[in-house]
Amino acid sequence: MREGEETFAPAFFDWMKHSHQDGVCCIRFFDSKFYQNKYADLANYPCQLYLHFILHGVLEGRQPNQFLSRDLLVRILGKQWESHAFSELIEVALRNSCDSRIQRALYLNGEPETAFEFDRLSSGVLLDIIYKASQIQPLIKAFGPKNLVVPNAAHEADGRYVQSSHLASLLKDKRYTIVVAMPHCRDSGAARVASWLVKALANALPADQILIVRTELPDFEHPDWFPDSVANLDLSSCFAGLKSGEAESLLVEMLRGVDCKIFFNVNSLVSWQAISVFGSQLSSTMNLVSYLFCYDRDLYGNRVGYPAQFFDQTVDYHEAIFVDSEYLRSRLLTPIFARSPITRKVIVLNTPVDRPARVWHRPDDSTVGLSRKKNIFWAGRFDRQKRFDLLCEIANLMPYHNFKVWGREVLGGASIPDKIPDNVECFGPYENFGDLPIFDCDLWLYTSEWDGVPTLLLDVMAAGVPIVMTKVEGTSDLAASGYCYNASPDSGAGEYQRIIDHVFSNYDTAVNFAEKQRQYVEARHSFQGYQSEITKTLSAASFD
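Residues numbered from 1 in each chain as written. Predicted model: local features only at pLDDT ≥ 70, side-chain atom pairs only at ≥ 80, totals over all residues. Heavy atoms only, no water.

On to helix α12 (residues 246–257). With 12 residues, α12 ought to run about 16 Å at 1.5 Å a step, and its terminal C-alpha atoms sit 16 Å apart, in line with that. Summarising burial for α12: nine of the 12 residues are buried, a large majority. Within α12, burial applies to E246, A247, E248, S249, L250, L251, V252, M254 and L255. With its phi angle positive at about 60 degrees, D259 sits one or two positions after the end of α12. (Helix = DSSP H or I, 4+ residues; strand = E, 2+ residues; numbered from the N terminus. Expected span 1.5 Å × (residues − 1). Buried < 20%, exposed > 50% of the residue type's maximum accessible area, 1.4 Å probe, protein only.)

Below, the structure written as structure tokens:
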């Protein structure tokens, strides 16, 4: 039994057990009162009537409500369906429920007042007005499943008005050509990438035309990563306390209010959600550009995360979608997009890497072979993705080496052993890569179950440190040089031990490989190349 299943089954059976006495029905278009009154032969049916409809009634052609009949569906769907079973007609109707007549049959359940309201709103002048309004504000929808969704008006009595007024006071009627959204500025690869993006934009446009916004958390731990002349704003405080959907509406209001022409989204969830709802409207007045880095994995190994959640539904609205690896681009552009104009939108941008203040050289007392305890460095989050647990397994197999570790638990779900091996020394997170004692390092170890192109790996390689890493997804781009020592993502601790022992037994070769990898990364991940691609994007954008 997989994790989670042991709770699902009892919950399901509990619902089945108590739904009868609670009157809970799982079919949205089933009207139990109508069914009971129409079919007197079911007066003594021992179970809920919707179960009878599922098991028998639909096969017998019985109506689930006063509107939904076999004759009605044949009239709507066409005479070619005349010979099909009632169950098939309902299935087709559910898949084509945008037809107002089918909506009426599926959703109204014999309620005369609702039917009257539906009929007024689903035809004539009112329907035309609602349709035109929905093209401007997508939170206005044509009348459907017993509701009419209307956008929340920012009235003085509600929270959105207060937050909107607060945001307006922060912006002070300023206008920004470019807005860059990021979730926060912590020790994360996405924040580093956002900083490179802002630097490139500030080189191409006046800095006072650029605004950085933080949408999920107020943290701005690394102001030194960004140009001082670029404004930055904590939007997360303005979103605090808002209901679901209101933060996205307020973000759109802000983008329109500052007269944004290009909106860059770097890993901001609120921004992705706003684009998924308002993308059509936003793209009519500004250019949308978003970054995608890598898929995440759920507990069962399925691909989840922003690429899985938002790419398909928002790509049409984007001027460009930046990715940091050829691997991710190839995964996004599945065969269905092979000859589509969408292919030109997905652009691989090699993340720049800082030139290190110091380039690594082998420790003075380094010797060939295994005669001395070597120092193996590792850094990252203590979570499922980065595999701190695997590092500890490797350390247990190699008591003849020291493992020096920088990091902490950030996202939760970490598999931290009850006892850390004696040869593992933890130092907590580091502020800057340049602060690490890399001249005490004999080898860098990088473990990951899935990944993009981590900025940490770029730092290590740019410093010329020998490395053993997991070759998985985005890191394959870096391994393409041929100068890395790689393990597969399903490798166990024993395989890593074998590779590390091989490296130290052939250390002169490893040092030579590290220098060639440094040159490869320096050429491939230069800021000049990155700047050129950003300039192309700006040139293609419309500023009208």
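Resuming the write-up.
Time to look at the packing of aromatic side chains. Under the defined criterion, the tally for this structure stands at 19 aromatic pairs. Pairing Y291 with F293 gives two aromatic rings, centres 5.1 Å apart and planes at 10 degrees, and the pair type is stacked. Taken individually, Y291 and F293 each receive the classification buried, so the pair is uniform in this respect. Seen in terms of ring centroids, Y291 and F322 are 5.4 Å apart; in terms of plane orientation they differ by 70 degrees. Their pairing is edge-to-face. In this pair, Y291 sits in strand β5 (residues 287–292) while F322 sits in strand β8 (residues 320–323), placing the two residues 31 residues apart along the sequence. (Phe/Tyr/Trp six-rings, centres within 6.5 Å; stacked < 30°, edge-to-face > 60°.)

Another aspect to go through is the sheet that holds strand β4 (residues 262–266). Taken together, seven strands build an open sheet; the order of strands is β3-β2-β1-β4-β5-β8-β9 and the sheet is parallel. Each end of this open sheet is capped by a strand with a single partner; those strands are β3 (231–234) and β9 (346–348). In this sheet, adjacent strand axes meet at a mean angle of 20 degrees when their direction is disregarded. (Pairing = 2+ DSSP bridges. Axes fitted to C-alpha atoms, helices over the stretch in contact; angles between N-to-C directions.)

What follows deals with empty space enclosed by the protein. If you walk through the whole model with that rule in mind, you get two cavities of 30 Å³ or more. Here the largest cavity is characterised by a volume of approximately 60 Å³. The wall of the largest cavity is formed by M461, V465, P466, I467, Y483, C484, Y485, A510, F513, A514 and Q517. With four residues, helix α20 (residues 507–524) is the single largest residue contributor to the lining of the largest cavity. Partitioned by chemical class, the residues of the lining of the largest cavity number 10 nonpolar, one polar and no charged. Volume-wise, the second largest cavity comes out at about 30 Å³. (1 Å grid on protein atoms, 1.4 Å probe; cavity = no way out; pocket = protein on both sides within 12 Å on 5 of 7 lines; lining within 4 Å. Points joined across faces, edges and corners; volume = space filled by probe spheres on them. Nonpolar A, V, L, I, M, F, W, Y, C, P; charged D, E, K, R; others polar.)

Bringing the sheet that holds strand β10 (residues 375–381) into the picture now. Taken in spatial order, the six strands of this open sheet run β12-β11-β10-β13-β14-β15, and their pairing is parallel. A strand with exactly one partner marks an edge of an open sheet, and here the two such strands are β12 (424–426) and β15 (485–487). Averaged over all pairs of adjacent strands, the angle between strand axes in this sheet comes to 25 degrees, irrespective of strand direction. Pairing analysis gives seven bridges linking β10 to strand β11 (residues 402–408), with the strands arranged parallel. Opposite R381, over in β11, you have R408 as the bridge partner. On the sheet, helix α17 (residues 455–462) packs against β10, β13 (443–446) and β14 (467–470) and is oriented at approximately 160 degrees with respect to β14. (Contact = heavy atoms within 4.5 Å.)

Looking now at the side chain of T455. With respect to the helices and strands, the residue T455 is situated in helix α17. Classification of T455 as buried rests on a relative accessible area of 13%. Not counting residues within four places of it along the chain, the set of residues in contact with T455 comprises G189, R192 and T351.

Take the nonpolar core next. For soluble globular proteins, nonpolar side chains are generally found buried alongside one another. One finds I394, F403, W444, L445, V468, M469 and I500 to be the most contacted residues of the largest nonpolar core, which totals 53 residues. When residues no more than four places from it in sequence are discounted, the contact partners of F403 are I376, L391, I394, A395, M398, N423, V424, E425 and L445. Grouped together as the second largest cluster of nonpolar side chains are 33 residues, I178, A200, A207 and F264 included. (Core = buried A, V, L, I, M, F, W, Y, C linked by side-chain atoms within 4.5 Å.)

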